[in-house]
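# Structural characterization, general
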Amino acid sequence: MNPTALMIMLLSLAIGTTMTLMSHHWLLAWIGLEINTLAIIPLMTKTPHPRAIEAATKYFLTQASASALILFSATMNAWKTGEWSITLLSDPYTITLSMALMLKLGLAPLHFWLPEVIQGIPLSTGLILSTWQKIAPMTLLLQISHLTDLKLLITMGLTSILIGGWGGINQTQLRKVMAFSSIGHLGWMVLILKFNPQLTLFNFLLYITMTAAMFFFLMSISSTKISEISSSWPKSPILVTTMMLVLLSLAGLPPLTGFSPKLLIILELAKQNTLLLASVTMLASLLALFFYLRLTYVMILTLPPHIPPSSTHWRTTKNSPLTATMTTLALLIFPLSPTFLLII
């Protein structure tokens, strides 16, 4: 892609998200979401492949439907209340706005577009879609969390955790695995949203850090299939070992970063006397743990039987300082979790 066009698209993404973050007005927030949607579509189609075109079309139709629902609900709410304020919602329109934002995020059962779209686009665009594009809808959801129905949030959260774990088990494509991982993590955030919005924000920040680190690794070794990462060990053992640790962090194993939000969410659910909900959540997360461990197993233990020395290119990967920073944060934040929570 032309560097000038790429810079314009990235700048538009930044402007759209910033506009939504700074707005207290539903119309301005909607405009920011629309700018975000329109800015990422050229990035999806920069490789003129039928799969990329299909992914961009699916993404546009889904996001346009969610945006139309947001605009319609906000307009009807303004007609009823006389204000466009984000935090002033009347009862029927809170649910429709929440569902529209969840459709934009890709929460189950409104998740069907997300794995297909991420599968059809490049890894770099998948990184933006899995991290940056979720900031604006999640911020709006956080702002209306005190008005959202608790039963809706718990249902969507549990469904997302189950679908995120179940859908990722039989996948052979790494991008689809990351898509189902995203669905599962968003389920944890929505589950605790009504009880403790600050904990949802903390979980969201850690999710962005860990997902970005994983995508940077996949971009470094240029792997999109599980069968491809098994041959990466001879080429760069340190990189693959670190990537394995990031996967275990995404799975939520102690003492890595990903353990922190899961531990705090379970403790918060126990504090709210919802022990049954906490137990079901922990059992559902075992599905996701299985496919993370499966990926780790593929990386380390399923090496090709005979690799001639001439075909092994040592130290061919170039890691940027951003990859190193994200990896460090994705692995070592757990001891600093109380400090981050105090800041939030």
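Residues numbered from 1 in each chain as written. Predicted model: local features only at pLDDT ≥ 70, side-chain atom pairs only at ≥ 80, totals over all residues. Heavy atoms only, no water.

### A short note on the overall build of the protein
Along its length, the protein carries 16 helices and zero strands. Its C-alpha atoms give the protein a radius of gyration of 20 Å, within 12% of the compact-globule value 20 Å for 344 residues. The buried share among the 344 residues of the protein stands at 53%. Across the protein, the fraction of contacts at a sequence separation of at least 24, relative to all contacts at a separation of at least 6, is 79%. Carbon and sulfur atoms form 71% of the exposed surface of the protein, whose accessible area is close to 15300 Å². (Helix = DSSP H or I, 4+ residues; strand = E, 2+ residues; numbered from the N terminus. Rg over C-alpha atoms; globule rule 2.2 N^0.38 Å. Buried < 20%, exposed > 50% of the residue type's maximum accessible area, 1.4 Å probe, protein only. Contact = heavy atoms within 4.5 Å. Areas by Shrake-Rupley, 256 points an atom, 1.4 Å probe, with all protein chains shown as cover.)

### Some words on the packing of aromatic side chains
For the structure on display, the rule yields four aromatic pairs. Ring geometry for phenylalanine 204 versus tyrosine 207: centroids 6.3 Å apart, planes at 25 degrees, classification stacked. Of this pair, phenylalanine 204 and tyrosine 207 both sit in helix α10 (residues 197-221), separated by three residues, roughly a single helical turn. Judged by centre distance (4.7 Å) and plane angle (40 degrees), the ring pair of phenylalanine 291 and tyrosine 292 falls under tilted. The residues phenylalanine 291 and tyrosine 292 share a single accessibility class, namely buried. When the ring centre of tryptophan 188 is taken as reference, the NZ or CZ atom of lysine 262 above it lies at 5.2 Å. (Phe/Tyr/Trp six-rings, centres within 6.5 Å; stacked < 30°, edge-to-face > 60°. Lys NZ or Arg CZ within 6 Å of the ring centre and 35° of its normal.)

### Things to note about the UniProt feature "transmembrane region" (unreviewed entry) in the protein
As annotated by UniProt and renumbered to match this structure, "transmembrane region" (unreviewed entry) occupies residues 150-170, 201-218, 238-256, 276-301 and 322-343. The span residues 201-218 shows a helical share of 100% and a strand share of 0%, and its end C-alpha atoms are spaced 26 Å apart. For residues 238-256, the helix share is 74%, the strand share is 0%, and the end-to-end C-alpha distance is 18 Å. (UniProt positions renumbered as here; feature names shortened; annotations may be inferred.)

### Comments concerning the packing of helix α1 (residues 3-22) against helix α7 (residues 135-143)
Packed helices, taken two at a time, are described by their axes: the angle between them and the distance between them. At a minimum axis separation of 9 Å, α1 and α7 run at an interaxial angle of 5 degrees. Here α1 is positioned roughly parallel relative to α7, judged by the angle of their axes. Between α1 and α7, the residues in contact are Thr17, Thr20 and Leu21 and Ile135, Ala136, Thr139 and Leu140, respectively. (Axes fitted to C-alpha atoms, helices over the stretch in contact; angles between N-to-C directions. Parallel < 35°, antiparallel > 145°, perpendicular 65-115°, else oblique.)

### A look at unusual backbone geometry
Across the chain, the bulk of peptide bonds are trans and the bulk of non-glycine residues have phi less than zero. Cis rather than trans, the peptide bond between alanine 108 and proline 109 has omega equal to 0 degrees. Its location among the elements puts proline 109 in the loop between α4 (91-105) and α5 (113-120). You will see that serine 222, though not glycine, has its phi angle at about 55 degrees, which is positive. Among the secondary structure elements, serine 222 is positioned in the loop between α10 and α11 (226-229).

### So, the UniProt feature "domain: NADH:quinone oxidoreductase/Mrp antiporter transmembrane" (unreviewed entry) in the protein
In this numbering, the UniProt entry assigns the feature "domain: NADH:quinone oxidoreductase/Mrp antiporter transmembrane" (unreviewed entry) to residues 23-287. With 75% helix and 0% strand, residues 23-287 has its two end C-alpha atoms placed 38 Å apart.

### What about the pattern of salt bridges?
Under the definition given, this model contains two salt bridges. Glutamate 54 is the salt-bridge partner of lysine 58, the closest N and O atoms lying 2.9 Å from each other. Here glutamate 54 and lysine 58 lie together in helix α3 (residues 50-81), a separation of four residues that amounts to about one turn. We classify glutamate 54 as partly exposed; its relative accessible area is 41%. Of the charged contacts, one joins glutamate 116 and lysine 176 as a salt bridge, the two residues approaching to 3.3 Å between their closest N and O atoms. Note that glutamate 116 is positioned in helix α5 and lysine 176 in helix α9 (residues 174-193), a separation of 60 residues in sequence. In this structure glutamate 116 comes out as partly exposed when scored by relative accessible area, which is 35%. Taking the relative accessible area as the measure of exposure, lysine 176 reaches 16% and is therefore buried. (Salt bridge = Lys/Arg side-chain N within 4 Å of Asp/Glu carboxyl O.)

### Here we look at the nonpolar core
Met214 and Leu269 are the most contacted members of the largest nonpolar core, which totals 52 residues. Looking at which element gives the most residues to this core, the answer is α10, with twelve residues. Residues Ala29, Ala100, Ala136 and Met138 belong to the second largest nonpolar core, which totals 30 residues. (Core = buried A, V, L, I, M, F, W, Y, C linked by side-chain atoms within 4.5 Å.)

### Focus: the packing of α3 against α4
Packing of α3 against α4 brings their axes to within 9 Å, and their N-to-C directions diverge by 160 degrees. Taken together, the axis directions place α3 and α4 in an arrangement best described as roughly antiparallel. The two elements α3 and α4 meet at a crossing, and its hand is left-handed. Only Pro92, Tyr93, Thr96, Leu97, Ala100, Leu101, Leu103 and Lys104 of α4 make contact with α3, whose side of the interface consists of Thr62, Gln63, Ala66, Ser67, Leu69, Ile70, Ser73, Ala74, Met76, Asn77 and Lys80. Looking at the contact of α3 with α4, its residues break down into eleven nonpolar, six polar and two charged. (Left-handed = near helix turned anticlockwise from the far one by under 90°. Nonpolar A, V, L, I, M, F, W, Y, C, P; charged D, E, K, R; others polar.)

### Details of α4
In this model, α4 (15 residues) spans 22 Å end to end at C-alpha, consistent with the 21 Å of a helix rising 1.5 Å per residue. Those residues of α4 not exposed but buried are Tyr93, Thr94, Leu97, Ser98, Ala100, Leu101, Met102, Leu103, Lys104 and Leu105. Next to the buried residues of α4 lie α2 (26-44), α3, α5, α7, α8 (150-168) and α9. The first or second residue beyond α4 is glycine 106, which carries a positive phi of 95 degrees. (Expected span 1.5 Å × (residues − 1).)

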